[in-house]
Amino acid sequence: MGGGSLRENLMYEAFFGLNEKPFSITPDPKFFFQSDSHRGALDVLRLGVRHKDGFMVVTGDIGTGKTTLCRALLESLDDRVLSALLLNPFLSEDDLLKVILQDFGVISREARRELAGASKQDLIDLLNQFLLNIDNYIYTNFKYNL
């Protein structure tokens, strides 16, 4: 809400009949406004997930709702869907792999630090092994389509 005082912010919320702050530093998907273009993008992303298209990239100008769109997508996905939300476009290749491994639950935050000396190939092998194990597990135990 900018630099207003707590009292000013509470008055603002009361004036407009708001139950909570509508703006924060971290986008909240419950405030996601589905314009026609946002709804279309969300549908395309859901379709990509359902068809197991792998990596998807959302692009757009600053402030157009990319992060909120992605968070809304993640909230709408079934618990059986593994995802990684990468918000930092300036990660090195090694750090990118470590963040993906961490988001997938393969490694902890502490293990991420311990992998400082791991080669890129070691990280790729770890991710590949995880994905192969997940695919085999799902195929042999569930045999369903998303």
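One can find the structure itself at the top, above this paragraph.
Structure report, in brief. (Residues numbered from 1 in each chain as written. Predicted model: local features only at pLDDT ≥ 70, side-chain atom pairs only at ≥ 80, totals over all residues. Heavy atoms only, no water.)

**So, the overall build of the chain**
Next, step 1: The helix and strand tally for the chain stands at 6 helices and 0 strands.
Next, step 2: Each helix and strand of the chain, ordered N terminal to C terminal, gives the series α-α-α-α-α-α.
Next, step 3: Across the 146 residues that make up the chain, the buried fraction comes to 21%.
Next, step 4: For the chain, restricting intrachain contacts to residue pairs at least 6 apart in sequence, the fraction spanning at least 24 positions comes to 46%. (Helix = DSSP H or I, 4+ residues; strand = E, 2+ residues; numbered from the N terminus. Buried < 20%, exposed > 50% of the residue type's maximum accessible area, 1.4 Å probe, protein only. Contact = heavy atoms within 4.5 Å.)

**Quick look at the side chain of S35**
Next, step 1: Relative to the helices and strands, S35 resides in the loop between α1 (6-15) and α2 (36-50).
Next, step 2: Here S37 takes part through its side chain, which lies 3.2 Å from a polar atom of the side chain of S35. (Polar contact = N/O pair within 3.5 Å; in protein donor to acceptor, adjacent residues only side chain to side chain.)

**A word on α2**
Next, step 1: Taking 1.5 Å of rise per residue, 15 residues should cover 21 Å, and α2 covers 21 Å from first to last C-alpha, within 8% of that figure.
Next, step 2: All of the buried residues along α2 are H38, L42, L45, G48 and V49. Taken down its axis, α2 places every buried residue within 120° of arc, on the same side. Residues D36 and V44 are exposed on α2 and point more than 90 degrees away from its buried face.
Next, step 3: Elements in contact with the buried residues of α2: α3 (66-76).
Next, step 4: Just past α2, the residue K52 takes up positive phi, approximately 55°. (Expected span 1.5 Å × (residues − 1). Arc of directions from axis to C-beta.)

**Comments concerning a nonpolar patch on the surface**
Next, step 1: There is a patch of nonpolar side chains on the surface, built from Y12, F15, F16 and L18 and spanning about 430 Å² of accessible area.
Next, step 2: Checked against the element boundaries, Y12 lands in helix α1. (Patch = residues over 30% accessible without salt bridge, like charges linked within 9 Å, V, L, I, M, F, W, Y side chains within 5 Å. Areas by Shrake-Rupley, 256 points an atom, 1.4 Å probe, with all protein chains shown as cover. Salt bridge = Lys/Arg side-chain N within 4 Å of Asp/Glu carboxyl O.)

**What to know about the pattern of salt bridges**
Next, step 1: Going through the model one piece at a time under the given rule, you end up with 2 salt bridges.
Next, step 2: Here R39 ties to D36 by a salt bridge, and the two come within 3.2 Å at their closest N and O atoms. Of this pair, R39 and D36 both sit in helix α2, 3 residues apart, roughly one helical turn.
Next, step 3: For R39, a relative accessible area of 35% puts it in the partly exposed group.
Next, step 4: A salt bridge links K120 to E93, with the shortest nitrogen-to-oxygen separation between them at 2.3 Å. Highlighted residues: K120 in helix α6 (residues 120-141) and E93 in helix α4 (residues 93-103), separated in sequence by 27 residues.

**Examining the nonpolar core**
Next, step 1: Ranked by size, the top nonpolar core spans 10 residues in total: L97, I100, L101, F104, I107, A111, A118, L123, L127 and F130.
Next, step 2: With near-sequence residues (within four places) excluded, L101 lies in contact with V106, I107, L123, L126 and L127.
Next, step 3: Listed in part, the 9 residues of the second largest apolar core include L45, V49, L69 and L73. (Core = buried A, V, L, I, M, F, W, Y, C linked by side-chain atoms within 4.5 Å.)

**Quick look at α4**
Next, step 1: L97, K98, V99, I100, L101 and Q102 are the residues of α4 that are buried.
Next, step 2: Where α4 terminates, the next one or two residues include G105, which has phi positive at roughly 85°.

**Some words on unusual backbone geometry**
Next, step 1: The backbone of K52 sits at a positive phi, close to 55°, despite the residue not being glycine.
Next, step 2: Position of K52 relative to the elements: it lies in the loop between α2 and α3.
Next, step 3: Look at K52 and you get exposed, because its relative accessible area is 53%.

**Brief notes about the side chain of Q102**
Next, step 1: Checked against the element boundaries, Q102 lands in helix α4.
Next, step 2: Q102 sits in the buried class, given a relative accessible area of 18%.
Next, step 3: Once residues lying within four places of it in the same chain are set aside, the contact partners of Q102 are I107, S108, R109 and R112.

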